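Notes for the structure review
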Amino acid sequence: MTQKSASQIITANDLLSGEVVYFTKSGAWSLRHADAAIIDQPDHAERSLEEVTRNDASVVGPYLALARVGESQTVAPVHFRDAFRSIGPSNRFIGKQASPA
Amino acid sequence: MYNYTAFDKDFVATRAAQFRGQVQRRIDGSLTEDEFKPLRLMNGLYLLLHAYMLRVAIPYGTLSSRQMVALADIADTWDKGYAHFSTRQNVQFHWPKLQEVPDILDALATVDMHAIQTSGACIRSVTSDHFAGASADEMADPRPTAELVRQWSTDHPEFAFLPRKFKVAVTGSEHDRAVTKFHDIGLRLTQNEAGAPGYEVSVGGGLGRTPMIGRVLRSFLHQAELLPYLEAILQVYNQIGRRDNKYKARIKITLHEHGLEDIRARVEENFALQRSRFDGVDQDILARIESDFKPPAFKSAPITYFEEQLANNPIFRAFTKTNLHPHKNPDYSIVTVSLKAHGATPGDASSVQMRVLAEIAARWSHDELRVSHEQNIILPHVHKNDLPAVHKVLLDAGLATANIGLISDLIACPGMDYCDLATARTTNVAQRIAQKFDALKQEHTIGPIKIKISGCINACGHHHVGHIGILGLEKAGIESYQITLGGDGSQNAAIGKPAGKGFSSDEIVPAIERLIGAYLDVRKDASEDFLSTFHRVGPTPIKAALYPQKGLPK
């Protein structure tokens, strides 16, 4: 994938299931990294994170993660830890990678 | 095995009920995550990379078949059909849902199990020799002491918020299979010159970012003085252990900063006060506990079928060479069941395998199983004539891998495949090393060796005490694996030393292959194991193989 820019997304774990979730443009949470809302401005990202942290009790431990936007507008993780979070463990075919999209 | 009293059952059931209320209050918003986190951690519930993780205590690694079946049921009902047996002799479920955890705790309570004190800055679940009460080389059974310590430390009001977590291990054998020298307190059962039973007490051992070997605080402590002495150590630590820096809060740092003599003087002064507070009730309790650990009724039967199979069945013979350990009763054996089939994740067992192990234990091992810190399952009392039948059932369940003590019997923490703290993956490295040496058919040629892999500096994979240790770190945005050499978790305790710069994920398995090749080149003969060779020749030939570009002498 050709890198277009390095931006940020908000990710967390769902309070009930513990599953990794991503904050979307509509203000909801998605299980898919590709659905994450890209935030290009660092100030905006910090403000959005503060707002989520303050107001959304349905998730635990929200944080900003670097993400890349490809030419086809696909959102992908930058750090390998976030890549693992987005698919599940590498030692077993379980977690997100085993769930229907 | 220890049998829960009505008091124990009530305590565990009450805690499960309390946690149900706490979870409910978290879900309805009455508790914030900051308020809830210490409560869930007190009940062994973590939030890791992909999901919650529930760590269930298996005190000193001992399980009944009924308890193993209950764990399998939990894996099927509330998890993904498997469980992970850890390097602390506990078991972890990596996919529970928050609202279902109270149901899991209730299910555990019905079989006298819980998740209390498997996390937090408290005295953690006590560990011991996984061959306790069975091994031919044992001087005394450490389990009654371990159970006494468990009872004393459970919900101890004064030690619920220590400066940091605190781990106690007990052994009753000269051959230290419980890694006691790397625990906050290590107890070794011994006798004084008059033959009175007691303990050698070591303090301040530990792994993690500052590995240290425990130092002997008391070379002999009378058996009856154990709890007041432990109370004295913990009180001193609770008072002077650092709380300003979590990385300097373990008792090993307290001991290092104050010095052994200072700590000894403080403990002895406190011990003099504590002794009068213990009026002998603890020894009455110990006597009751000991009655629960009487040896099972061993049968007297010929071992002719065993001998026949040994002579005629090469697969069985190979299994007996690696997976058996001498039992106190010469007609019996201790069986180590490997959870390290080549390519498997160390410590993982499916619910089907767990039920098979429970059935074998019920039928052929006096209803007992053990979890070893090396992430295997032990059948402690199997009559030799039953070994062929046990082997056949294990074979059918994919549990008969004959590799105990060999290179593929490596241990690994869950690493970044699960753990929130990890800086790199481990299981994937473990799988690839095991597969590589299985493909090379070199395992038996290499002989006894311990590889231990941790996914971060916290060292849950005990890499510091691996003959070969592998520490997974992040370097410049990629996983990097640092090799340490010469570690030893036995009675000859030693901390491995870094070999040099780290290797990428792609490079680490070839690096281990070169390292092993160098060992095979320089060992005297097949009887000289890796660690002995390393001690004789030093690190130079190994480093030369690891870093050939440096041009070190071969």
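In every chain, residue numbers begin from 1 and rise along the written sequence. Chain labels run from A onward and ligand labels from 1 onward, assigned in the order the entries are written. Since the coordinates come from a predicted model, pLDDT governs what is reported: local features require at least 70, and pairs of side-chain atoms require 80 or more to be given and counted, while whole-chain, interface and lining totals use all residues.

What to know about the overall build of chain B
Put simply, the rule reads: Every helix listed is a DSSP run of H or I at least four residues long, and every strand listed is a run of E at least two residues long, numbered separately from the N terminus. The size measure is the radius of gyration over C-alpha atoms, and the globule rule it meets is 2.2 Å times the number of residues to the 0.38 power. For the exposure call, what matters is how many other C-beta atoms sit within 10 Å of a residue's own: 20 or more marks it buried, 12 or fewer exposed, and in between partly exposed, using C-beta atoms placed from the backbone. We call two residues in contact whenever the C-beta atoms placed from their backbones are within 7 Å.
When its secondary structure is counted, chain B shows 18 helices and 21 strands. Its C-alpha atoms give chain B a radius of gyration of 23 Å, near enough to 24 Å, the size a compact globule of 554 residues would have. Along the first, second and third principal axes, the C-alpha set of chain B runs to 60 × 60 × 55 Å. Put simply, chain B has 554 residues, and 54% of those count as buried. In chain B, of all internal contacts separated by at least 6 residues, the share reaching a separation of at least 24 is 67%.

With respect to the sheet that holds strand E4 (residues 82–85) of chain B
Residue and element names in this part refer to chain B. Where we set the bar: Criterion used throughout: strands pair if DSSP finds at least two bridges between them. To obtain an axis, a line is fitted to C-alpha atoms, over the contacting stretch when the element is a helix, and the angle between two such axes runs from 0 to 180 degrees between their N-to-C directions.
If you trace the five strands from one edge of the open sheet to the other, you get E1-E2-E5-E4-E13, paired in antiparallel fashion. Each of the sheet's edge strands pairs with one partner strand only, and the pair in question is strand E1 (45–47) and strand E13 (348–350). When the angles between neighbouring strand axes are averaged without regard to direction, this sheet yields 30 degrees. Relative to strand E5 (residues 91–93), strand E2 (residues 52–56) runs antiparallel, the two sharing three bridges. Among the inter-strand pairings, leucine 54 is bridged to a residue of E5, identified as phenylalanine 93.

Some details on the nonpolar core
Residue and element names in this part refer to chain B. Convention followed: When buried Ala, Val, Leu, Ile, Met, Phe, Trp, Tyr and Cys residues are joined through C-beta atoms within 7 Å, the set is termed a nonpolar core.
Counting 168 residues, the largest nonpolar core has Met68, Ile233, Leu357 and Leu515 as the members making the most contacts within it. With nine residues, helix H6 (residues 226–240) is the largest single contributor of residues to this core. Residues contacting isoleucine 233, with those up to four places away along its chain left out, are Ile185, Val203 and Val267.

A closer look at the packing of helix H14 (residues 427–439) of chain B against helix H16 (residues 505–522) of chain B
All names here are of chain B. Heads up, the rule is: Note on angle classes: values under 35 degrees are labelled roughly parallel, values over 145 roughly antiparallel, values of 65 to 115 roughly perpendicular, and the remainder oblique. Definitions for this section: a left-handed crossing has its near helix turned counterclockwise from the far helix by less than a right angle. A right-handed crossing has that turn clockwise. Under the scheme applied, nonpolar residues are Ala, Val, Leu, Ile, Met, Phe, Trp, Tyr, Cys and Pro; charged residues are Asp, Glu, Lys and Arg; polar residues are all the others, including Gly.
Packing of H14 against H16 leaves a shortest axis separation of 10 Å and a crossing angle of 45 degrees. As judged from the angle between their axes, H14 and H16 are oblique. Viewed along their axes, H14 and H16 form a crossing whose handedness is right-handed. Residues Val429, Arg432, Ile433 and Lys436 of H14 form the contact with H16, whose participating residues are Ile508, Val509, Ile512 and Glu513. A class-by-class count of the residues in the contact of H14 with H16 yields five nonpolar, no polar and three charged.

A few points about the domain arrangement of chain B
Our working rule: Start and end positions for the domains come from either an automated domain assignment or a database one.
In terms of domains, chain B is made up of domain 1 (6–110), domain 2 (142–292), domain 3 (304–396) and domain 4 (412–550). A straight line from the C-alpha centre of domain 2 of chain B to that of domain 3 of chain B covers 34 Å.

Digging into the interface of chain A and chain B
Contacts between chain A and chain B engage 21 residues on the former and 22 residues on the latter. Broken down by secondary-structure element, the contributors of at least two residues to the side of chain A that touches chain B are strand E4 (59–70) and helix H2 (80–87) of chain A. Top contributing element to the side of chain A that touches chain B by residue count: H2(A), with four residues. Of the residues contributing to the side of chain A that touches chain B, the split by class is nine nonpolar, nine polar and three charged.

Some remarks on the sheet that holds strand E3 (residues 62–64) of chain B
All names here are of chain B. Strand order in the open sheet formed by five strands is E3-E14-E15-E12-E11, with antiparallel pairing between adjacent strands. Both outer strands of the open sheet, E3 and strand E11 (324–326), are each paired with one neighbouring strand and no more. Averaged over neighbouring strand pairs, the angle between their axes works out to 30 degrees when direction is ignored.

Some details on the environment of Arg25(B)
Residue and element names in this part refer to chain B. With respect to the helices and strands, arginine 25 occurs in helix H1 (residues 6–27). Under the C-beta neighbour-count criterion, arginine 25 is labelled partly exposed, with 14 such atoms within 10 Å. Each C-alpha atom of the pair arginine 25 and threonine 5 lies 31 Å from the other, and the pair is 20 residues apart in sequence. Once residues within four sequence positions are removed from consideration, arginine 25 is found in contact with Ser30 and Leu31.

Examining helix H7 (residues 251–258) of chain B
Residue and element names in this part refer to chain B. For H7, the full list of buried residues reads Ile251, Lys252, Ile253, Thr254 and Leu255. Residues of H7 that are buried sit in contact with strand E9 (197–203), strand E10 (215–222), H6 and helix H8 (260–275). Positive backbone phi, approximately 95 degrees, marks glycine 259, located one or two places after H7.

Re the confidence of the model for chain B
The line we're drawing: Across the chain, each position has a pLDDT score giving the predictor's confidence in that residue, from 0 to 100.
Per-residue confidence for chain B gives a mean pLDDT of 97; residues scoring 70 or more make up 99%. For this predicted complex, the interface score ipTM comes out at 0.93, alongside a pTM of 0.96.

Considering helix H4 (residues 101–110) of chain B
Residue and element names in this part refer to chain B. Where we set the bar: The directions considered for the arc run from the helix axis to the C-beta atoms.
Burial in H4 covers these residues: Val101, Ile104, Leu105, Leu108 and Ala109. Along H4, the residues classed as buried sweep out an arc of 140 degrees about the axis, all on the same side. Elements that come into contact with the buried residues of H4 comprise H1, E1, E2 and helix H3 (65–78). Just beyond H4, the residue with positive phi is aspartate 112, at close to 60 degrees.

Observations regarding the confidence of the model for chain A
With 92% of its residues at a pLDDT of 70 or more, chain A has an overall mean of 91. Confidence scores differ between elements of chain A, with strand E1 (residues 3–14) of chain A showing the lowest mean pLDDT of 82 and strand E2 (residues 20–23) of chain A the highest of 98.

Considering the packing of H3(B) against H4(B)
All names here are of chain B. Their axes nearest at 10 Å, the elements H3 and H4 cross at an angle of 160 degrees. As the angle between them shows, H3 and H4 are arranged roughly antiparallel. Here the hand of the crossing between H3 and H4 comes out right-handed. Residues Ala70, Asp73, Ile74 and Trp78 of H3 form the contact with H4, whose participating residues are Asp103, Ile104, Ala107 and Leu108. Here the residues of the contact of H3 with H4 sort into six nonpolar, no polar and two charged.

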